[in-house]
Amino acid sequence: MDRNAIIEKRLQVVGLLGIAALLSYVAMVVFSPLGYPGYDWVSMAVSELSADGAPSQALAEQLNCLHGPCGLVAITAVCVACGCCKSKALRIGIYCFTAMEWISGIGYKLFPWVNGAENSHPQNVMHLIVTAAVVILSLAALILVIIGAGKERIKSLRVWAVICLAAMLLGPVGMAMPKAVFGIFERFSTLSATTFLAVLGWHLFKGRFGENA
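None of these values were measured; they are calculated from a predicted model.

(A) Spotlight on helix 2 (residues 16–31). Helix length check: helix 2, at 16 residues, gives a terminal C-alpha distance of 23 Å against a target of 22 Å (1.5 Å per residue), a fit within 8%. Within helix 2, burial applies to G18, A21, L22, S24, Y25, A27, M28 and V29.

Here it is, written out as structure tokens:
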């Protein structure tokens, strides 16, 4: 096996970190409410679990410790690997998703939601701006991946992109729903992005990027 093949194989293994990031995030979503008396997952956002001043903040950060670093390493590896893809739409889509992950990873650490404060609080305003950037880049990335994966004939990636896009769109739908069920719709939106990260990592691990190049 030549040197390039060895590097390619090692890069593919890095894709498994995307799955580790998903598992860490799911653990945070499922178990952090145990440290937040009175938390109602049906009506409250996931970000409230790790908000400044939240009783579950420390537990949420511990459970979610793998999500940030593992996710950033995995998506960066995917970004490198997709350079072999013929489809420009697929490449740009993955670049957008990579930018979203970096903005999310840094932005939410810099500007965590302040528990109990108004939306007009400076830190909460920046948190909402980061969220807007994350949502826009995520939607653009998924649409471009759907187009590009079709051209690259990566059917499984295209199907997952469609599923995650549909789930992500449920978030804005939830904004128009009664506050009592906001948390349900918000979870579809947040979990869709992390799930798609794991999907991209799995496709990298299986060597499906650029296999038709």
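(B) Examining the side chain of N124 more closely. Positionally, N124 belongs in helix 6 (residues 122–152). N124 has contacts with P112, W113, V114, A117, E118 and N119, leaving out every residue within four places of it along the chain.

(C) Representation of the nonpolar core in the model. The biggest cluster of nonpolar side chains holds 33 residues, and the ones touching the most others in it are F97, V145, L157, F196, L200 and F209. For this core, the secondary structure elements donating two or more residues are helix 4 (67–81), helix 5 (88–110), helix 6, helix 7 (155–175) and helix 8 (182–205). When residues in this core are grouped by element, the largest group, 7 residues, is from helix 6. Those residues in contact with L200, other than ones at most four positions away along the chain, are I75, V78, F97, L157 and F209. Counting residues in each nonpolar core, the second largest holds 12 residues, with Y25, M44, A51 and A54 among its members.

(D) Seen up close, the packing of helix 2 against helix 8. Orientation of helix 2 relative to helix 8, taken along the N-to-C sense of each, is 155°, at an axis distance of 6 Å. It follows from the interaxial angle that helix 2 and helix 8 lie roughly antiparallel. Regarding helix 2 and helix 8, the two cross each other, and that crossing is left-handed. Contacts between helix 2 and helix 8 pair L16, G18, I19, A21, L22, Y25, V26 and V29 from the former with R187, T190, L191, T194, T195, L197, A198, G201, W202 and F205 from the latter. Split by residue class, the contact of helix 2 with helix 8 holds 12 nonpolar, 5 polar and 1 charged.

(E) Summary view of the state of the cysteines. For the structure shown, the criterion picks out 0 disulfides. Of the cysteine sulfurs around C84, a residue in no disulfide, the closest is that of C85, at 7.1 Å. Given the relative accessible area of 48%, C84 is considered partly exposed. Distance from the sulfur of C96, which forms no disulfide, to the nearest cysteine sulfur (C79) is 10 Å. The exposure class assigned to C96 is buried, which follows from its relative accessible area of 17%.

(F) Quick peek at the packing of helix 5 against helix 8. Their axes nearest at 12 Å, the elements helix 5 and helix 8 cross at an angle of 125°. When the axes of helix 5 and helix 8 are compared, the pair comes out oblique. In this structure, helix 5 meets helix 8 at a crossing whose hand is left-handed. In this structure, helix 5 uses F97, M100 and E101 to contact helix 8, whose residues at the interface are A193, F196, L197 and L200. Its residues placed into classes, the contact of helix 5 with helix 8 shows 6 nonpolar, no polar and 1 charged.

(G) Structural context of the side chain of T194. Locating T194 in the fold gives a position in helix 8. Given the relative accessible area of 5%, T194 is considered buried. Leaving out residues up to four positions away in the same chain, T194 has contacts with A21, L22, Y25 and H67.

(H) Local environment of helix 5. For helix 5, spanning 23 residues, the distance from its first C-alpha to its last is 33 Å, which sits close to the expected 33 Å at 1.5 Å a residue. For helix 5, the complete set of buried residues consists of A89, L90, G93, I94, C96, F97, T98, M100, E101, S104 and G107. Capping of helix 5 at its N-terminal end is provided by S87; its side-chain oxygen lies 3.4 Å from the backbone amide nitrogen of A89.

(I) Main features of the environment of V13. Inspection of the secondary structure assignment puts V13 in helix 1 (residues 3–14). On the basis of relative accessibility, which here comes to 46%, the residue V13 falls in the partly exposed class. Along the backbone, V13 and P37 are 24 residues apart, and their C-alpha atoms lie at a distance of 40 Å.

Parameters and conventions
Sequence positions are assigned chain by chain, starting from 1 and proceeding in written order. A pLDDT threshold of at least 70 governs which residues receive local features in this predicted model, and a stricter bar of 80 or more applies before side-chain atom pairs are shown or counted, although totals over entire chains, interfaces and linings include all residues. With hydrogens and water excluded, all non-hydrogen atoms of the structure serve as input to the side-chain values. A helix here means a DSSP run of H or I that spans at least four residues, while a strand means a run of E at least two residues long, and both kinds are numbered starting from the N terminus. The span you would expect from a helix comes to 1.5 Å times its residue count less one. Each residue's exposure class comes from its accessible area (1.4 Å probe, protein chains only) as a fraction of the maximum for that residue type: buried when under 20%, exposed when over 50%, partly exposed otherwise. Any two residues whose heavy atoms approach within 4.5 Å are treated as being in contact. Residue types Ala, Val, Leu, Ile, Met, Phe, Trp, Tyr and Cys, when buried and joined through side-chain atoms within 4.5 Å, form a set referred to as a nonpolar core. Axis definition: a line fit to C-alpha positions, over the contact stretch in the case of helices; interaxial angles, taken between N-to-C directions, run 0 to 180 degrees. Relative orientations are named as follows: roughly parallel for angles under 35 degrees, roughly antiparallel for angles over 145 degrees, roughly perpendicular for angles from 65 to 115 degrees, and oblique for any other angle. For any helix crossing, the convention is left-handed if the near helix is rotated counterclockwise from the far helix by under a right angle, and right-handed if that rotation is clockwise. Each residue gets one label: Ala, Val, Leu, Ile, Met, Phe, Trp, Tyr, Cys and Pro are nonpolar, Asp, Glu, Lys and Arg are charged, and the others, such as Gly, are polar. The definition used for a disulfide is geometric: two cysteine sulfur atoms within 2.5 Å. The term polar contact refers here to a pair of N or O atoms within 3.5 Å; inside protein, the definition further demands a hydrogen-donor-capable atom paired with an acceptor-capable atom, and it admits residues adjacent in sequence only when both atoms are side-chain atoms.

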